[in-house]
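Close look at the chain arrangement
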Amino acid sequence: MAIQISPSILSADFAHLADEAARVPSADWLHVDVMDGHFVPNLTLGLPIVESLLKATTTPLDCHLMIEDPDRWAPAYAEAGAGSVTIHAGAANAPVRTLREIRRHGARAGLALNPAEPVDPYEDLIGEMDMLLLMTVEPGFGGQRFLDLVLPKIRRARELLDTRDASVWLQVDGGVSDETIERAAEAGADVFVAGSAVYGAQDPDGAIESLRAQARKASPLA
């Protein structure tokens, strides 16, 4: 399983998003946090900005919808051209239908769980997703500290994915840095969202390469 790094533009300069995307040419994805001020207390950007960013970069967009009613809005992000669209299990009323709609529009479908949400109740949905996202902070704001209490859940998720469908990616989001990525990789994650650890570095692209190397070294999957 390849190690992938998805820098979060939540930590980038919103006034120059095209330029910020160009600063990380080695990124596997650009992680786009869509927050509506309801499901989480923060308000960021929405579909029009995603559509504009799609025209400005060839790096695929990894859209993480922290919004109410993702059943209504998620398919539009896939239809617009996002490479991956992730919805939160706690916000979706019809997750299976929505995950299938995301796929139908040509994007990878992801399901996200907050730190306190267990993995096992969603085991039967593994076949409906392309990626499982485990939040390693409470969603809503960048720059938070990595929650080590999620590590056992990452290990459990890896067990379930390897048993049911090894092609499903396991992403972690929140507090990923050079101090924490090895722990998450050792536990079984293979896709890493990093915000301030990338865009807060003097050399963002160099930071990506460094994080990728650390994860590969620690990962039992690499």
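Overview of the environment of Leu 47
One can find Leu 47 in helix α2 (residues 47–56). Along the chain, Leu 47 and Arg 104 lie 57 residues apart, while their C-alpha atoms are 18 Å from each other. What Leu 47 contacts, discounting residues up to four positions off in sequence, is Ala 76, Tyr 77 and Ala 80.

Considering helix α3 (residues 70–80)
Within the span of α3, buried status applies to Pro 70, Asp 71, Ala 74, Pro 75, Tyr 77 and Ala 78. For α3, the buried positions fall inside an angular range of 155 degrees around the axis, keeping them on one side. Exposed side chains of α3 directed beyond 90 degrees from the buried face belong to Arg 72 and Glu 79. The elements touched by buried residues of α3 are β2 (30–35), α2, β3 (61–66), β4 (84–88) and α4 (95–104).

Concerning the pairing of strand β7 (residues 169–173)
Counting buried residues in β7 gives five out of five residues, a clear majority hidden from the surface. Across the two faces of β7 the burial is the same, with Trp 169, Gln 171 and Asp 173 and Leu 170 and Val 172 all buried. Pairing geometry for strand β6 (residues 131–135) and β7, over five bridges, is parallel. Along β7, the bridge assignment pairs Leu 132 with Leu 170. Relative to strand β8 (residues 191–194), β7 is paired through three bridges, and the arrangement is parallel. Bridge pairing in β8 places Gln 171 opposite Val 191. At this point the chain moves from β7, through helix α6 (residues 181–187), to the parallel β8, and the crossover so formed is right-handed.

Observations regarding the pattern of salt bridges
Summed over the entire model, instances satisfying the criterion amount to 14 salt bridges. The salt bridge involving Arg 156 is made with Asp 120; its shortest N-O contact spans 2.7 Å. Highlighted residues: Arg 156 in helix α5 (residues 151–164) and Asp 120 in the loop between β5 (108–113) and β6, separated in sequence by 36 residues. On the accessibility criterion, Arg 156 (31% relative accessible area) is partly exposed. Between Asp 162 and Arg 158 there is a salt bridge, with its nearest N and O atoms 3.0 Å apart. Separated by four residues within a single helix, Asp 162 and Arg 158 lie in helix α5, roughly one turn from each other. For Asp 162, a relative accessible area of 43% translates into the label partly exposed. Using a relative accessible area of 6% as the deciding quantity, one classes Arg 158 as buried.

Conventions and cut-offs
- Residues numbered from 1 in each chain as written.
- Predicted model: local features only at pLDDT ≥ 70, side-chain atom pairs only at ≥ 80, totals over all residues.
- Heavy atoms only, no water.
- Helix = DSSP H or I, 4+ residues; strand = E, 2+ residues; numbered from the N terminus.
- Contact = heavy atoms within 4.5 Å.
- Buried < 20%, exposed > 50% of the residue type's maximum accessible area, 1.4 Å probe, protein only.
- Arc of directions from axis to C-beta.
- Pairing = 2+ DSSP bridges.
- Right-handed = clockwise from strand over helix to strand, strands pointing away.
- Salt bridge = Lys/Arg side-chain N within 4 Å of Asp/Glu carboxyl O.

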